[in-house]
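# An overview of the molecular structure
Listed below, chain by chain, are the residues.
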Amino acid sequence: MTTLRTGTQTEIEFTVHKLTNITIHDSKFRILDSFFPIFALSKTRIMSKLAVNYLGLNLKNPIIAGSSGLNKNIENLIELEQKGVGAVVLKSLFEEQIKFEYMKQMSQYNDTYAYPEADDYIREYTEMNEMDKYIDFIREAKSKLSIPVIASINCISSSDWVEFATKIEDAGADALELNIFILPSDEKLDAKEIEERYRDIVDAVLKKTKLPLAIKLGYHFTDMARFMTQLSWGDVKGLVLFNRAFSPDIDIDNFKITAGNVFSSEAELSTSLRWVALLSDKVRCDISASTGAHSGEAIIKQILAGATTVQISSVLYKKGFGVVEEMVEFLNQYMDKHGFKTIEDFKGKMSFKESTNPAAYERVQFMKHFAGIE
Ligand SMILES: Cc1cc2nc3c(=O)[nH]c(=O)nc-3n(C[C@H](O)[C@H](O)[C@H](O)COP(=O)(O)O)c2cc1C
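A few points on the structure.

Bringing the overall build of the protein chain into the picture now. Secondary structure summary: the protein chain contains 17 helices and 15 strands in total. The buried share of the protein chain, taken over its 374 residues, is 35%. Expressed as a percentage of contacts within the protein chain between residues at least 6 apart in sequence, the contacts between residues at least 24 apart total 68%.

What follows is the structure, given as structure tokens:
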């Protein structure tokens, strides 16, 4: 500590950075340091260079391991923390999965199904069993990790599953991410009804928990900017843009429906990049970018567009967990190259409002001027 107070600003920055990956900034306080040594050490003066505040949580950097099958295994979560992620989103508990499990049990116990009491019992047992496992996992993750643990639920309705939100809070999760995906495939449902359904879910969950709430959405909205902006006016703390839907494919010889690409490609970054840039100046909550971030460069692009954090999933499957270290290193080097002392120094620098060519974000048809190809 003495070394820190007696060194020059550059030495201090270097020493602290080497030791803790923390950079001291705001040199105007230097004079105060000589009079009040305690001041020099105060936490307000020592800020992590990559640190961000997401959903009211302090993250050591903006890279989040997004919800996927990798995040239902405690060893994976521990390794992801060691590799450097700022937070983890657990594998989702599916509202549909709970109901599916319940239906499966119903069909196995056809005799008992005839009795409504038994129906209630099995239903309750199935839901509690799934929930218990999830709750235990949250507790285990919280006891073994020091980074924030965000629980996740995939849902399509505001039915009685919302009670689970309270239990998730009691288990000690730091936040809750709701993945709501209502595909507008029902020709009888108009846009207003669909949007109301989203709001009903959010309102119902907010009544059940005080946990910071993030909503993960797709991009199937006719009035996306209006809908998402309004969603951010309430108590929602973050929007995760976007969920990547399961994509069906067809096996043309066997006449079967198969799964399309399970993992994203780097080329898919542009849809979320566009919308992060278009919305980050408008919404009153954090944005976490999701889909197509496969490199440190992609993380920086999303932050420049205005994202507070960036979630990664496919790249962890494709390249392994070591990619997190590469991303953190790339981010560090980029910030040094441009003289950025904190993430805030460049967050949103290329948003719709801040960019010198905002029209490019709204452009959807090809034109030689923008794409360089006729
Ligand atoms: C195998 C796999 C499982 C996933 N499971 C979930 C899930 O349970 N809940 C969820 O919200 N998103 C889930 N996702 C979506 C990811 O969190 C992410 O939003 C999407 O894959 C796009 O990000 P990426 O391009 O970094 O993969 C899953 C993705 C993959 C590849």
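By nearness alone, 23 residues border the ligand, and Ser92, Asn179, Ser264, Ser313 and Ser314 come closest of all. Elements represented by at least two residues in the shell around the ligand include exactly strand E8 (149-155) and helix H14 (314-319). Classifying every residue of the shell around the ligand by side-chain character gives five nonpolar, 15 polar and three charged.

With that settled, consider the environment of serine 288. Tracing the sequence through the fold places serine 288 in strand E14 (residues 286-290). Its 28 C-beta neighbours within 10 Å are what place serine 288 among the buried residues. For the pair serine 288 and alanine 307, spaced 19 residues apart in sequence, the C-alpha to C-alpha distance is 5.5 Å. Among all residues touching serine 288, those that are not within four sequence positions of it are Tyr54, Ile64, Ala214, Gly238, Val240, Ala307, Thr308, Thr309, Val310 and Gln311.

Looking now at the pairing of E8. Most of E8 sits out of view: six of its seven residues are buried. Pairing geometry for strand E6 (residues 87-89) and E8, over two bridges, is parallel. Bridging across to E8, valine 89 finds its partner in isoleucine 150. Relative to E8, strand E7 (residues 93-94) is paired through two bridges, and the arrangement is parallel. Residue pairing in the sheet places phenylalanine 94 in a bridge with asparagine 154 of E8. Sheet topology note: the E8/strand E9 (residues 175-180) ladder contains six bridges and is parallel.

This paragraph deals with the nonpolar core. With 82 residues, the main nonpolar core has Val88, Ile138, Ile150, Leu176, Leu239 and Val276 as its most contacted residues. The element contributing the most residues to this core is helix H12 (residues 269-279), with seven residues. When residues no more than four places from it in sequence are discounted, the contact partners of isoleucine 138 are Leu90, Val149, Ala151, Ile168, Ala171, Gly172 and Ala173.

Attention shifts here to helix H15 (residues 322-338). Across its 17 residues, H15 extends 25 Å between first and last C-alpha, which sits within 8% of the 24 Å expected from 1.5 Å per residue. Looking at H15, one finds that the buried residues are Val324, Met327, Val328 and Leu331. The buried residues of H15 occupy an angular sector of 95° when projected down its axis, which confines them to one face. Exposed residues lying more than 90 degrees from the buried face of H15 are Gly322, Glu325, Glu329, Gln333 and Lys337. Phi for glycine 339, located one or two positions after H15, is positive at around 70°.

Moving on to unusual backbone geometry. For the bond running from leucine 241 to phenylalanine 242, omega is 5°, close enough to zero to count as cis. The topology assignment puts phenylalanine 242 in the loop between strand E11 (238-241) and strand E12 (248-251). Although it is not a glycine, leucine 55 sits at a positive phi angle of roughly 60°. Position of leucine 55 relative to the elements: it lies in the loop between strand E3 (52-54) and strand E4 (57-59). A positive phi angle, near 50°, is found at phenylalanine 255, a position not held by glycine. Counting through the fold element by element, phenylalanine 255 comes out in the loop between E12 and strand E13 (256-259).

Reading guide: rules and limits
- Residues numbered from 1 in each chain as written.
- Predicted model: local features only at pLDDT ≥ 70, side-chain atom pairs only at ≥ 80, totals over all residues.
- Helix = DSSP H or I, 4+ residues; strand = E, 2+ residues; numbered from the N terminus.
- Buried ≥ 20, exposed ≤ 12 C-beta atoms within 10 Å, placed from the backbone.
- Contact = placed C-beta atoms within 7 Å.
- Near = placed C-beta within 6 Å.
- Nonpolar A, V, L, I, M, F, W, Y, C, P; charged D, E, K, R; others polar.
- Pairing = 2+ DSSP bridges.
- Core = buried A, V, L, I, M, F, W, Y, C linked by C-beta atoms within 7 Å.
- Expected span 1.5 Å × (residues − 1).
- Arc of directions from axis to C-beta.

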